[in-house]
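Structural description and commentary
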Amino acid sequence: MQASGTSQQTLQAIWRAVRAIPRGQVSTYGSIARRAGLPGRARLVGHALKVAPADLELPWHRVVAAGGRIAFPSTSRAFVEQRRRLREEGVSLQRGRVVSEANLSLDELLWKRP
DNA sequence: TGTATGACCCTGA
DNA sequence: CTCAGGGCCATAC
């Protein structure tokens, strides 16, 4: 087997960070990237989630874009599904956006721009 | 090998 | 709020 572009190690670091988001809380792509030791690589987080094996059962719905926005088009199935799952965990949303700042995970607040 | 695309982010106008 | 522009870079074609 040949290690393709993104090493499994890198992908796993991202998956680990996503798995660490507590229920009822959300984090952002950028924040996850930093937590995984990959600052500035938010895009890779999106990719890692896309290719994540389903059996990992990652809480992908807890990952939103900057500002609490859901990253999918509001008309997509994924959008609806993510919104449903978040509400089910008690996260309030409005116009595709997580409402309360308090709902952003703690590390997101701590890592706020230096 | 080069170009296009994308589950992103940030700053500035 | 929108838009443009720069950064990031793995994949797909």
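First, a word on scope: everything that follows refers to the structure included in this document. (Residues numbered from 1 in each chain as written. Chains lettered and ligands numbered in written order. Predicted model: local features only at pLDDT ≥ 70, side-chain atom pairs only at ≥ 80, totals over all residues. Heavy atoms only, no water.)

**Topic: the pattern of salt bridges**
What counts is decided by this rule: Here a salt bridge means any side-chain nitrogen of Lys or Arg lying within 4 Å of a carboxyl oxygen belonging to Asp or Glu. Only DSSP runs of H or I reaching four residues or more are called helices, and only runs of E reaching two or more are called strands; each is numbered from the N terminus. Exposure is judged per residue with a 1.4 Å probe applied to protein chains only, and the accessible area is read against the type maximum: over 50% gives exposed, under 20% gives buried, and values in between give partly exposed.
Per the stated rule, a full pass over the model turns up five salt bridges. Ionic pairing is found between arginine 85 and glutamate 81, a salt bridge with its closest N-O pair at 2.9 Å. Here glutamate 81 and arginine 85 lie together in helix H4 (residues 77-88), a separation of four residues that amounts to about one turn. Looking at arginine 85, the relative accessible area reads 26%, which means it is partly exposed. Given a relative accessible area of 25%, glutamate 81 falls into the partly exposed group. Three or more residues are tied together by salt bridges with common partners; here these are Glu81, Arg84, Arg85 and Glu88.

**Some words on the environment of threonine 10**
Worth spelling out the cut-off: For this analysis, residues touch if any pair of their heavy atoms sits within 4.5 Å.
Note that threonine 10 resides in helix H1 (residues 8-19). Between the alpha carbons of threonine 10 and alanine 48 there is a distance of 8.9 Å; along the sequence they are 38 residues apart. Setting aside anything within four residues of it in sequence, one finds threonine 10 in contact with Leu38 and Leu44.

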